[in-house]
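Here's the letter readout for the chains.
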Amino acid sequence: EEAERVLLLVCTREEAAEVMAAARDNQQEVISWGEVAWSSETRRRRMLLAACVVATASSLSGVNALTTFGVTLLSSLMPARDAVSVFVVLTLAKLLATAAGCFLMVWIFQRRQLLLGSYTMMALAAVVLLQAF
């Protein structure tokens, strides 16, 4: 099964077997996107509304523009090397916030290996970015 192969990439065989058994025991109904969007269940409508509000707020806040064009925007205010340095510090701050979220997820949801793997990759990416400049 594809899910089991993916699990084996991030956890031990025993953990993968445990997760697969829990997933088989906890089968949930599959619904279409139409049922999600026009659901008669209040809970599903609220979940969809919350996701749409968060995505819209993120887009309207300009966070994506700052992330994508941060160095370019800062370069108009200071020398390019300083702009890169400031952006690296901001990126590291985001990394620390993400790390805090990761540890919270590990503590609450027990997704240790997957989250620590992604945290390690983000840290390595920050180091590569630092070395590039």
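Up top you'll find the structure we're talking about.
Residues numbered from 1 in each chain as written. Predicted model: local features only at pLDDT ≥ 70, side-chain atom pairs only at ≥ 80, totals over all residues. Heavy atoms only, no water.

Caption draft 1: Structural detail: the overall build of the chain. Check the secondary structure of the chain and you find seven helices and zero strands. Listed N to C, the secondary structure of the chain is α-α-α-α-α-α-α in terms of helices and strands. Here the chain has a C-alpha radius of gyration of 20 Å; the compact-globule value for 133 residues is 14 Å, and the former is much larger. Counting the 133 residues in the chain, one finds 14% classified as buried. A separation threshold of at least 6 residues defines the contact pool for the chain, and within that pool the share at least 24 residues apart is 33%. Total accessible area on the chain stands at roughly 10,500 Å², and carbon and sulfur atoms take up 66% of it. Here the chain contributes 11 positive and 11 negative side-chain charges, whose respective centroids are spaced 7 Å apart. (Helix = DSSP H or I, 4+ residues; strand = E, 2+ residues; numbered from the N terminus. Rg over C-alpha atoms; globule rule 2.2 N^0.38 Å. Buried < 20%, exposed > 50% of the residue type's maximum accessible area, 1.4 Å probe, protein only. Contact = heavy atoms within 4.5 Å. Areas by Shrake-Rupley, 256 points an atom, 1.4 Å probe, with all protein chains shown as cover. Lys, Arg positive; Asp, Glu negative; His and termini not counted. Charge placed at Lys NZ, Arg CZ, Asp CG, Glu CD.)

Caption draft 2: The arrangement of the packing of helix 1 (residues 2-10) against helix 2 (residues 13-25) in detail. The interhelical angle for the contact between helix 1 and helix 2, taken along N-to-C directions, is 140 degrees, at an axis separation of 9 Å. By the criterion of interaxial angle, the relationship of helix 1 to helix 2 is oblique. The chirality of how helix 1 crosses helix 2 is right-handed. Each of Ala3, Glu4, Leu7 and Leu8 in helix 1 lies in contact with helix 2, whose residues at this interface are Arg13, Ala16, Val19 and Met20. (Axes fitted to C-alpha atoms, helices over the stretch in contact; angles between N-to-C directions. Parallel < 35°, antiparallel > 145°, perpendicular 65-115°, else oblique. Left-handed = near helix turned anticlockwise from the far one by under 90°.)

Caption draft 3: Examining the environment of glutamate 35 more closely. With respect to the helices and strands, glutamate 35 occurs in helix 3 (residues 33-37). Since its relative accessible area comes to 39%, glutamate 35 is described here as partly exposed.

Caption draft 4: Seen up close, the environment of valine 19. By secondary structure assignment, the location of valine 19 is in helix 2. Residue classification places valine 19 among the partly exposed residues on the basis of a relative accessible area of 37%. In this structure the C-alpha to C-alpha distance between valine 19 and methionine 122, which are 103 residues apart in sequence, comes to 26 Å.

Caption draft 5: Inspection of helix 5 (residues 63-75) at higher detail. Over its 13 residues, helix 5 runs 17 Å from end to end, which matches the ideal 18 Å to within 8%, given 1.5 Å per residue. At phenylalanine 69, helix 5 is bent by approximately 80 degrees, the largest bend along its length. (Expected span 1.5 Å × (residues − 1). Bend = angle between axes of the 7 residues up to and from the residue.)

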